[in-house]
Amino acid sequence: MESTKMQRRTILGMLAATPVVVAACSDNDTGGDGAGAQVAADVVPQMVPLSALKDADPGEVHLAYAPAVPPPAQRSEPRRFDVHLEVVEGMGDLDPSNNVMTEMWGFKVFGDKNKTTGAPGPVVRGRVGDVVRVTLTNPKSNMHPHNIDFHAVTGMHGGASDLLVPPGESAAIQARLLYPGAFMYHCAAEDVPMHIAMGMYGMFIVDPAEPLPKAEHEWAVMQSEWFVDEPGSDGMATFNRQNVTDENPRYVTFNGSVGAIADDNALKMKVGERARIYFVNEGLNLTSNFHPIGSQWDVVYPEAATHPDNVVIRGSQSTSVVAGGGTVVEMLGMTPSMVVLVDHALARAFDKGAIGHVMIDGPEDPEVYSKIEPPKDGGGGGGEVVTPTTAAAAVDPSKPVETNEVTIIKGAFDPANADRAYTPPTIKVAVGDKVTWSNEDTIFHTVDSGTSDGSKGEPDGKFKSGNIEAGDTFSYTFTEAGEFTYFCEPHPWMIGKVIVA
């Protein structure tokens, strides 16, 4: 990665390289000195007149569905391009693994017959200085009027006033892209909070004139809140408008549903690669605390403001993203692992769904990370106080302990504690013994018999605890000999074994 100085040009260099709009002031504007002084130059690029602006190459791609993003335009001058979006009103999967559905509204690429839900809407991408012509169509089969407020658009209500379309109609706007970054767009019709909470949002990426440094992967991630009641017996979860006002979502998700970028849908990269994530917090209400468990943000562009005059942050653990705002973060593949993306207000991650996975594949590098044997004499702590958690860290998971008591330790949900989440991780009992698991963590866990590869478990049905809430226990009596592995269903990196003699 280039140094910060190489990445980000100085203000003086930027102004020398890119012409800017400079507004002249009248005599009255200057306070009466009659000098005709000028307003200080800003960062808005010089506008190629519409009459001289060429259309973008027909082969350029400007729309994609998250987590994919369209590729950046391979050109050094502004162009004009078109996007056509279509409103969607229908049903969608909110929590697929638990068969939970809800009514979702949103946007899709016009005419896409394979897309039946629209949350989140397509990722739109252009270049600063470009002119985008947006057409919005609301099919006559829909029930409500809709529009789009683009945070990237400078104009009345971000274009929402002129894009308001009742069912059966279309509208269009033309807008200049003046600032680079990753911007939210959303419906602002009728009950605005309701329309956003129903899923009517998306992302608009505007590239700076000087492209960002190369990254092997670029992904779009959008966090949002779902204000629904408890699902009924049919799996339907009904929208609750009062919960919007109370700022009390039942679900908080990445890319529109629980598991959209987790488990089988995990994002994938290799050791030695760089991944860039364009992140927008669609809200409706909560500030996000975007964090990669098991890694760090190598680069952060605060507030997704990618103009080269801004200063990046290097080596951040978490970044705050306001509702209706964004960030751009980069992560390096340093060691093979599963990085867990979360809103670090962790109840939103582990209880409400704001969780994703980045699977990093490649050779291990002990210079970066490895598991080692603890010191033989227990030294090196210099008077360290031994607590139940630190004592648990010294347990060798490969050696069975003769006991019928297993503790789910505090912090068991953290993948960094996977080798001791169940303590002892391997126990030995006799046929007829009853084993009891005690949850000392702050969130619920499960004890499900079967196998897990660390990212997804496969239950075999021999025993299943259901949710063991904090402070509760689960017991099971083993009536036959054998080796029984088990795992935690919501945290599949937690793995244990019972050997029945």
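Each remark here, short or long, concerns the structure printed above.
About the cut-offs
Residues numbered from 1 in each chain as written. Predicted model: local features only at pLDDT ≥ 70, side-chain atom pairs only at ≥ 80, totals over all residues. Heavy atoms only, no water. Helix = DSSP H or I, 4+ residues; strand = E, 2+ residues; numbered from the N terminus. Buried < 20%, exposed > 50% of the residue type's maximum accessible area, 1.4 Å probe, protein only. Contact = heavy atoms within 4.5 Å. Areas by Shrake-Rupley, 256 points an atom, 1.4 Å probe, with all protein chains shown as cover. Pairing = 2+ DSSP bridges. 1 Å grid on protein atoms, 1.4 Å probe; cavity = no way out; pocket = protein on both sides within 12 Å on 5 of 7 lines; lining within 4 Å. Points joined across faces, edges and corners; volume = space filled by probe spheres on them. Nonpolar A, V, L, I, M, F, W, Y, C, P; charged D, E, K, R; others polar. Axes fitted to C-alpha atoms, helices over the stretch in contact; angles between N-to-C directions. Phe/Tyr/Trp six-rings, centres within 6.5 Å; stacked < 30°, edge-to-face > 60°. Polar contact = N/O pair within 3.5 Å; in protein donor to acceptor, adjacent residues only side chain to side chain. Patch = residues over 30% accessible without salt bridge, like charges linked within 9 Å, V, L, I, M, F, W, Y side chains within 5 Å. Salt bridge = Lys/Arg side-chain N within 4 Å of Asp/Glu carboxyl O. Lys, Arg positive; Asp, Glu negative; His and termini not counted. Charge placed at Lys NZ, Arg CZ, Asp CG, Glu CD. Core = buried A, V, L, I, M, F, W, Y, C linked by side-chain atoms within 4.5 Å.

Broken down by element type, the protein carries 6 helices and 30 strands. Per-residue burial over the protein gives 48% buried out of 501 residues. Long-range contacts, defined here as pairs at least 24 residues apart, represent 71% of the contacts in the protein between residues at least 6 apart. For the protein, the exposed area adds up to about 23200 Å²; of that, 52% sits on carbon and sulfur atoms.

A few words now on the pairing of strand E3 (residues 100-109). In terms of burial, E3 is largely enclosed, as 7 of its 10 residues are buried. Sheet topology note: the strand E2 (residues 80-95)/E3 ladder contains 10 bridges and is antiparallel. Looking at the pairing, Gly 92 lines up with Thr 102 of E3. The turn linking E2 back onto E3 is made up of 4 residues, and Asn 99 within it adopts a positive phi angle of 55 degrees.

The next point concerns the environment of Lys 399. Examined against the element boundaries, Lys 399 turns out to sit in the loop between helix H6 (388-393) and strand E21 (401-402). C-alpha of Lys 399 to C-alpha of Ile 427: the two residues are 28 residues apart in sequence and 8.1 Å apart in space.

With that settled, consider the layout of surface pockets. Put simply, the second largest pocket is a space of about 1200 Å³. Around the second largest pocket sit 41 residues that line it, and Asp 95, Ser 97, Asn 98, Val 258 and Glu 489 are the ones nearest its centre. Put simply, the parts of the chain that give the lining of the second largest pocket at least two residues each are helix H5 (346-351), strand E20 (355-361) and strand E27 (457-464). Across the lining of the second largest pocket, the residue classes break down as 16 nonpolar, 13 polar and 12 charged.

Ordered in space as E12-E20-E19-E14-E17, the 5 strands form an open sheet in which the pairing is mixed. Both outer strands of the open sheet, strand E12 (267-270) and strand E17 (319-321), are each paired with one neighbouring strand and no more. Strand-to-strand twist across the sheet, computed as the mean angle between neighbouring axes with direction ignored, equals 25 degrees.

Take the packing of aromatic side chains next. By the definition in use, this model includes 17 aromatic pairs. When the centroid spacing of 6.0 Å and the interplanar angle of 80 degrees are considered together, the rings of Phe 150 and Phe 204 count as edge-to-face. Pair noted here: Phe 150 is in strand E6 (residues 149-150) and Phe 204 is in strand E9 (residues 201-207), with a separation of 54 residues, a long-range link. Of the two residues, Phe 150 and Phe 204, neither departs from the other in class, the shared state being buried. Centre to centre, the rings of Phe 254 and Phe 279 are 6.2 Å apart; their planes meet at 80 degrees, and the pair counts as edge-to-face. A residue pair is termed long-range when its members are at least 10 positions apart, and Phe 254 in strand E11 (residues 251-254) and Phe 279 in strand E13 (residues 274-283) qualify at 25 residues. Note on accessibility: Phe 254 and Phe 279 belong to one class, buried. Ring pairs connect the aromatic residues Tyr 422, Trp 437, Phe 463, Phe 474, Tyr 476, Phe 478, Phe 484 and Tyr 486, which therefore count as one cluster.

Our next topic: the environment of Ser 465. As for its placement among the helices and strands, Ser 465 is situated in the loop between E27 and strand E28 (473-477). On the basis of relative accessible area, Ser 465 is assigned to the buried category, the value being 18%. Apart from the residues within four sequence positions on either side, Ser 465 is in contact with Thr 446, Val 447, Asp 448 and Phe 474. Of the polar contacts made by the side chain of Ser 465, one reaches the backbone nitrogen of Val 447; its length is 2.7 Å.

Moving on, we get to a negative patch on the surface. A surface patch of like charges, here negative, comprises Asp 263, Asp 453, Glu 458 and Glu 489. Assignment of secondary structure puts Glu 489 in the loop between strand E29 (482-487) and strand E30 (495-500).

Okay, the nonpolar core next. Membership of the largest hydrophobic core comes to 62 residues, with the highest contact counts inside it found for Phe 150 and Phe 204. For Phe 204, the residues in contact, after removing those within four places along its chain, are Phe 81, Val 124, Arg 125, Gly 126, Val 132, Phe 150, Ala 152, Leu 177, Gly 181, Ala 182, Phe 183 and Tyr 185. Judged by nonpolar contacts, the second largest core, of 32 residues, contains Ala 349, Ala 412, Val 435 and Trp 493.

Bringing the pattern of salt bridges into the picture now. Under the defined criterion, the tally for this structure stands at 21 salt bridges. Two residues, Lys 456 and Asp 264, come together in a salt bridge whose shortest N-O distance is 3.0 Å. On the criterion of sequence distance, the pair formed by Lys 456 in the loop between strand E26 (448-452) and E27 and Asp 264 in the loop between E11 and E12 is long-range, its members being 192 residues apart. When its relative accessible area of 36% is taken as the criterion, Lys 456 is described as partly exposed.

A cis amide bond, omega 10 degrees, links Ala 66 with the succeeding residue Pro 67. By the secondary structure assignment, Pro 67 is in the loop between strand E1 (63-64) and E2. In the segment running from Thr 423 into Pro 424, the intervening peptide bond is cis, with an omega of -5 degrees. Mapped onto the secondary structure, Pro 424 falls in the loop between strand E23 (422-423) and strand E24 (426-429). One non-glycine residue, Asn 99, lies in positive phi territory at about 55 degrees. Among the residues examined, Asn 99 registers a relative accessible area of 61% and is labelled exposed.

This brings us to the sheet that holds E6. If you trace the 5 strands from one edge of the open sheet to the other, you get E1-E4-E9-E8-E6, paired in mixed fashion. Edge positions in the open sheet fall to E1 and E6, since each of these has one partner strand only. Examined bridge by bridge, strand E8 (residues 181-186) and E9 share 6 bridges and lie antiparallel to one another. Paired with Phe 183 across the strands is Phe 204, a residue of E9.

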